[in-house]
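Structural description and commentary
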Amino acid sequence: MPAISVHAYAKLNLTLDILEKRDDGYHEMRMLMQTVTLRDTVKLETGAGNGITVSTNLRYLPTDQRNIAAKAAAVFLRETGTDCGGVSIRIEKHIPVCAGMAGGSADGAAVLRGLRDLLRPELSNRELVRMGVSVGSDVPFCIQGGTALAEGRGEILTPLPAMPMCHVVIAKPDYCISTPALFAKIDCRKIVRRPDTAGAVECLEQGDLKGLARRIYNVFEDALPPQYREVGMIRRRLIDMGALGAGMSGTGPSVFGLFSREDEARAAYGALKSAFPATFLVKIKQSV
Ligand code: C5P
């Protein structure tokens, strides 16, 4: 039976700004997004019967239509009018769930790319992005990957010059933050501090890693309730241990720091790993 294995890469928000609440309930965003090497593996097999089935190595993940990978497969089959006799999806998860790194969206994007390659190789990424936005706001970026400015709900993507190579330490406190709940807490008119997105784009154009790292900022950090204090603690520790810049990704609670020196990144990884088991030492990735 036709089968394919696709990598699904995590993303980080170098900047995240919320411009306004829209009439459809979503928010108008402006974000600098970057793919990193932390990844899941998504295996797809078509023609096995049984409709769309999902299995994963994490027992607590939903395997029905609440799973974004199943949703992506359903959207793909419907939008392309394809009947392939069933899709079986197996996900090996390494990206932490509910962490602000688009782990679910990356799996959804991997399903769209994998089904395209298996069933409809003539479809462009632009077509997949159009399908992806109905699966989730971060799916379009996960289809394109690399370094990009994401606007609108996240689906208006402008590719940017590749980020200079560096070492990335990511640490996630041991809890989840609800994305809709955090969006609901934000009053766009009251945001006091915003990221310098234009300046960060200029740094990318000049290959200026230090300038870029200094501009890492996410408006959600100021809206975090006090019980999430580990987010700020991790950010400060990363800076103390030599990170050029650090910040929370998406709606958190993952926090990342960029390092130019590998020895410092390794030391920070070791120090944080003992306190936060979901700590990773990764690199940036130029494409998916
Ligand atoms: O699109 P997605 O399903 O990932 O969005 C999850 C939730 O995040 C939405 O239901 C909405 O509450 C919020 N959201 C938003 N504006 C965006 C993206 C997400 O308000 N641009």
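Everything below is about the structure printed above this text.
Attention here is on the structure that accompanies the text. Since this is a predicted model, take the numbers as computed values, not measurements. In this convention, every chain numbers its residues from 1, walking through the sequence in written order. Local features are withheld for residues below a pLDDT of 70 in this predicted model, meaning they are given only at 70 or higher, and side-chain atom pairs are given and counted only at 80 or more; totals for whole chains, interfaces and linings count all residues. Heavy atoms throughout the structure, all of them, feed into the side-chain values; hydrogens and water do not.

Things to note about the packing of aromatic side chains
- Between rings of Phe, Tyr and Trp, where Trp is taken as its six-membered ring, a pair exists when centres lie within 6.5 Å; planes separated by under 30 degrees are stacked, by over 60 edge-to-face, and by other angles tilted. Under the defined criterion, the tally for this structure stands at two aromatic pairs.
- Ring geometry for tyrosine 175 versus tyrosine 228: centroids 5.1 Å apart, planes at 40°, classification tilted. Residue tyrosine 175 is found in the loop between strand 7 (167-172) and helix 5 (179-185), and its partner tyrosine 228 is found in the loop between strand 8 (217-218) and helix 8 (230-240); the two are separated by 53 residues along the sequence.
- The classification of residues rests on relative accessible area computed with a 1.4 Å probe and restricted to protein chains. Under 20% of the type maximum is buried, over 50% is exposed, and intermediate values are partly exposed. Residue tyrosine 228 is classed as buried on the basis of its relative accessible area, which comes to 17%.
- Taking 5.0 Å as the distance between ring centres and 90° as the angle between the ring planes, the aromatic pair formed by phenylalanine 183 and phenylalanine 220 counts as edge-to-face. Taken as a pair, phenylalanine 183 in helix 5 and phenylalanine 220 in the loop between strand 8 and helix 8 lie far apart in primary sequence, 37 residues in all. Phenylalanine 220 matches phenylalanine 183 in its accessibility class, with the two residues each being buried.
- Positioned above the aromatic ring of tyrosine 217, the side-chain terminus of arginine 193 is 3.8 Å from the ring centre.
- When the NZ atom of lysine or the CZ atom of arginine is within 6 Å of a ring's centre and also within 35 degrees of its normal, the charge is said to sit over that ring. Sitting over the ring of phenylalanine 280, lysine 273 keeps its end group 6.0 Å from the ring centre. The helix and strand labels rest on DSSP assignments: H or I over at least four residues marks a helix, E over at least two residues marks a strand, and numbering proceeds from the N terminus.

Remarks on the layout of surface pockets
- Size it by volume and the largest pocket reaches roughly 1300 Å³.
- Lining residues are defined by having an atom within 4 Å of a point belonging to a cavity or pocket. Those points lie on a 1 Å grid over the protein atoms alone, cavities being sets where a 1.4 Å probe fits but cannot get out and pockets being open sets with protein on both sides within 12 Å along at least five of seven lines. Along the walls of the largest pocket sit 47 residues, with Ile68, Ser105, Asp138, Thr179 and Pro180 positioned nearest its centre.
- Of all the elements in the fold, those that place two or more residues in the lining of the largest pocket are strand 1 (3-21), strand 2 (27-46), helix 1 (68-80), helix 2 (103-119) and helix 5.
- Any residue outside Ala, Val, Leu, Ile, Met, Phe, Trp, Tyr, Cys, Pro, Asp, Glu, Lys and Arg is labelled polar, Gly included; the first ten of those are nonpolar and the last four are charged. For the lining of the largest pocket, the class distribution of residues is 23 nonpolar, 16 polar and eight charged. Grid points are joined across faces, edges and corners, and a volume is the space filled by probe spheres set on the points.

Section: the side chain of histidine 167
- Along the chain, the position of histidine 167 falls in strand 7.
- Here a residue-residue contact requires only that any non-hydrogen atoms of the pair lie within 4.5 Å. The residues touching histidine 167, leaving out its near neighbours within four places in the chain, are Gly257, Leu258, Phe259, Ser260, Arg261, Glu262, Ala265, Leu281, Val282 and Lys283.

A few points about the site of the ligand
- Throughout, near means a residue has at least one heavy atom within 4 Å of the molecule or strand. All residues adjacent to the ligand are Gly25, Tyr26, His27, Met29, Gly136, Ser137, Arg153, Thr179, Pro180 and Phe183.
- Whenever two N or O atoms come within 3.5 Å, that pair is a polar contact, provided that in protein one can donate a hydrogen and the other can accept it, and provided that, for residues adjacent in sequence, both atoms are side-chain atoms. Within the contact set of the ligand, an oxygen atom lies 2.7 Å away from a side-chain nitrogen or oxygen of histidine 27.
- At 2.5 Å, a side-chain N or O of serine 137 approaches an oxygen atom of the ligand.
- Its free accessible area being 450 Å², the ligand has 72% of it covered by the protein chains.
- The way we define it, a molecule is inside a pocket or cavity when more than half of its atoms are within 2 Å of that pocket's grid points. Assessed atom by atom at 2 Å from the grid points, the ligand resides in the largest pocket.
- Counting only elements with at least two residues in the shell around the ligand, the list comes to strand 2 and helix 5.
- Broken down by class, the residue content of the shell around the ligand amounts to four nonpolar, five polar and one charged. Residue burial considers only the protein chains on display, and all accessible areas are found by Shrake-Rupley using a 1.4 Å probe.

As for the packing of helix 1 against helix 3 (residues 125-132)
- The geometry of helix 1 relative to helix 3 is characterised by a closest axis approach of 10 Å and an angle of 120° between their N-to-C directions. Taken as axis vectors, helix 1 and helix 3 run oblique relative to one another. The handedness of the crossing between helix 1 and helix 3 comes out as right-handed. Where helix 1 abuts helix 3, its residues Val75, Phe76, Glu79 and Thr80 lie against Leu128, Arg130 and Met131.
- Class assignment for the residues of the contact of helix 1 with helix 3 results in four nonpolar, one polar and two charged. Here, axes are lines fitted to C-alpha atoms. For helices the fit covers the stretch in contact, and angles between N-to-C directions go from 0 to 180 degrees. Note on angle classes: values under 35 degrees are labelled roughly parallel, values over 145 roughly antiparallel, values of 65 to 115 roughly perpendicular, and the remainder oblique. Each crossing is labelled by how the near helix is turned from the far one, with a counterclockwise turn of less than a right angle marking it left-handed and a clockwise turn marking it right-handed.

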